[in-house]
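# Results of the structural survey
Here is what each chain is made of, one letter per residue.
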Amino acid sequence: YGALSCDHLEWLSDDGVPYPHDQPNYYDPARHAFVSRVEAQWTVIRDELLAAIGEDRRIQEFKAYEDLEKTNKTAAWKTAGLMYWTMKSKKNIDKFPKTWDVFKDIPNLSSCSLHLLEPHGTIKEHIGDTDAMMRCHMGLIVPAGLPRCGFRVEHESVAWEEGKVFIFNDACAHTAWNNTEHDRYVISFDIMRPEFARRRFWVAAQVLGKIQIEVLYQHVPWLRKYASANWIRDLLIVGCKLFWRAKIAVRHHVFGGRPS
């Protein structure tokens with residue numbers, strides 16, 4: 001894809017406009033230099049993961065994904081985030097220092113997480129929060145290929161391969177499943193599309209604010225009961241977005257409104 005005009009804005013899932021589908025379901029890994037760099041170090045990442053999970057195949061750094069509506073059973077999907085929408089986790093980076101060394105200097109990196117999908121776990125079909133980034137998956141421990149274990153964007157299915165990266169458009173409807181008896185581990189990382197890279201902090205604040213409210217409504221019963229009106233929800237989302245704009249500005253020393 002070519003560079004977009006300067007007045008083009010990223011699509012956000014809560015902006016009230018359906019996704020225009022002006023980008024493909026999957027991006028070509030061969031067109032992106034970071035792919036070969038990550039794939040060349042895949043055994044370093046896998047071995048650090050294996051050392052961390054040990055014999056019981058679980059580690060405390062993996063936390064159940066907080067959006068409970070996205071999985072077919074409680075805690076089927078667990079993650080250990082090193083970076084989440086530009087916000088780093090010192091604890092997890094210290095736990096996986098070799099992995100972070102692989103990713104930390106990749107231009108326009110906005111997220112990086114290890115993901116566990118438990119046996120017979122499904123991540124339900126959903127759309128992501130924005131088209132401003134490319135989401136990348138690399139298989140680390142993959143118990144089977146299609147049709148038992150795989151990933152689908154719209155109507156195009158792929159299998160994870162250990163040590164191989166595929167890149168998809170998170171704004172399109174997608175789902176993942178592991179219909180085996182064993183855990184599936186991948187590393188997921190997001191790269192901001194070049195035309196939106198200078199707006200990465202703005203995009204991150206928008207997404208984090210929306211996600212925080214969605215999670216709160218799921219986990220806080222009184223909020224669901226007494227603040228269910230759409231106008232209240234919208235007001236809370238705006239407040240959370242402003243909060244994350246301030247927090248990201250302080251963390252990254254970005255001031256003066258929208259980064260551009």
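Before going into details, it helps to say that this report is about the structure given with it. Please read all numbers here as calculations on a predicted model, not as lab measurements. (Residues numbered from 1 in each chain as written. Predicted model: local features only at pLDDT ≥ 70, side-chain atom pairs only at ≥ 80, totals over all residues. Heavy atoms only, no water.)

Attention shifts here to the overall build of the protein chain. When its secondary structure is counted, the protein chain shows seven helices and twelve strands. Rg of the C-alpha trace for the protein chain: 18 Å, near the compact-globule value of 18 Å for 260 residues, within the 12% margin. Principal-axis analysis of the C-alpha atoms places the extent of the protein chain at approximately 45 × 45 × 40 Å. Counting the 260 residues in the protein chain, one finds 52% classified as buried. Residue pairs in contact within the protein chain that sit at least 24 positions apart in sequence constitute 79% of those at least 6 positions apart. (Helix = DSSP H or I, 4+ residues; strand = E, 2+ residues; numbered from the N terminus. Rg over C-alpha atoms; globule rule 2.2 N^0.38 Å. Buried < 20%, exposed > 50% of the residue type's maximum accessible area, 1.4 Å probe, protein only. Contact = heavy atoms within 4.5 Å.)

With that settled, the discussion passes to the pairing of strand β8 (residues 149–153). Here β8 lies mainly inside the structure; four of its five residues are buried. In the sheet, β8 pairs with strand β11 (residues 174–178) via five bridges, with the strands oriented antiparallel. Note on β11: the bridge partner recorded for V153 is H174. For β8 and strand β9 (residues 156–158), the ladder comprises three bridges, and the chain directions are antiparallel. Residue pairing for β9: R152 is matched across the bridge by S157. In this antiparallel pair of consecutive strands, β8 and β9, the connection spans two residues, and E154 shows a positive phi of 55°. (Pairing = 2+ DSSP bridges.)

Another aspect to go through is empty space enclosed by the protein. Inspection of the entire model under this criterion finds one cavity of 30 Å³ or more. Lining the largest cavity, in full, are A64, Y65, D67, L68, T71, A75 and W77. For the lining of the largest cavity, the per-class residue count stands at five nonpolar, one polar and one charged. (1 Å grid on protein atoms, 1.4 Å probe; cavity = no way out; pocket = protein on both sides within 12 Å on 5 of 7 lines; lining within 4 Å. Points joined across faces, edges and corners; volume = space filled by probe spheres on them. Nonpolar A, V, L, I, M, F, W, Y, C, P; charged D, E, K, R; others polar.)

Following the sequence through the fold, V38 ends up in helix α1 (residues 33–40). Taking the C-alpha atoms as reference points, V38 and R251, separated by 213 residues in sequence, lie 27 Å from one another. V38 has contacts with V102, F103, I106, M138, V165 and F189, leaving out every residue within four places of it along the chain.

Turning to the nonpolar core, a few remarks are in order. Counting residues in hydrophobic clusters, the biggest one holds 34 residues, and the most contacted among them are F103, L140 and F189. Contributions of two or more residues to this core are made by α1, α2 (42–53), β3 (77–84), α4 (97–103), β5 (109–117), β7 (133–141), β10 (165–168) and β12 (184–192). (Core = buried A, V, L, I, M, F, W, Y, C linked by side-chain atoms within 4.5 Å.)

Looking now at the packing of aromatic side chains. Here the structure, examined in full by the defined rule, presents eleven aromatic pairs. Where Y65 meets W77, the ring centres are 4.1 Å apart and the plane angle is 15°; that geometry is what we call stacked. Residue Y65 is found in the loop between β2 (63–64) and β3, and its partner W77 is found in strand β3; the two are separated by twelve residues along the sequence. Judged by relative accessible area, which is 22%, Y65 ranks as partly exposed. When its relative accessible area of 10% is taken as the criterion, W77 is described as buried. Grouped by ring-pair contacts, the aromatic residues Y26, F151, W160, F166 and F168 constitute a single cluster. Between R46 and the ring centre of W42, over which it is positioned, the NZ or CZ distance is 4.8 Å. Between R184 and the ring centre of W160, over which it is positioned, the NZ or CZ distance is 4.5 Å. (Phe/Tyr/Trp six-rings, centres within 6.5 Å; stacked < 30°, edge-to-face > 60°. Lys NZ or Arg CZ within 6 Å of the ring centre and 35° of its normal.)

Once that is clear, we can look at the sheet that holds β8. Read from one edge to the other, the open sheet built from four strands follows the order β6-β11-β8-β9, with strand pairing classed as antiparallel. The sheet terminates laterally at β6 (121–126) and β9, the two strands that pair on one side only. Across this sheet, the average inter-strand angle for adjacent strands is 15°, counted without regard to direction. Where β6 and β11 come together, four bridges link them in antiparallel fashion. Among the inter-strand pairings, H126 is bridged to a residue of β11, identified as H174. (Axes fitted to C-alpha atoms, helices over the stretch in contact; angles between N-to-C directions.)

Another aspect to go through is the packing of helix α5 (residues 200–219) against helix α7 (residues 230–252). Across the interface, α5 lies against α7 with an axial gap of 7 Å and an inter-helix angle of 135°. Our classification of the angle between α5 and α7 gives oblique. Helix-helix and strand crossings are classified by hand; for α5 and α7 the assignment is right-handed. Residue-level contacts link F201, W202, A204, A205, Q206, L208, G209, K210, Q212, I213, E214 and Y217 of α5 to I232, R233, L236, I237, C240, K241, F243, W244, R245, I248 and H252 of α7. For the contact of α5 with α7, a count of residues per class yields 14 nonpolar, four polar and five charged. (Parallel < 35°, antiparallel > 145°, perpendicular 65-115°, else oblique. Left-handed = near helix turned anticlockwise from the far one by under 90°.)

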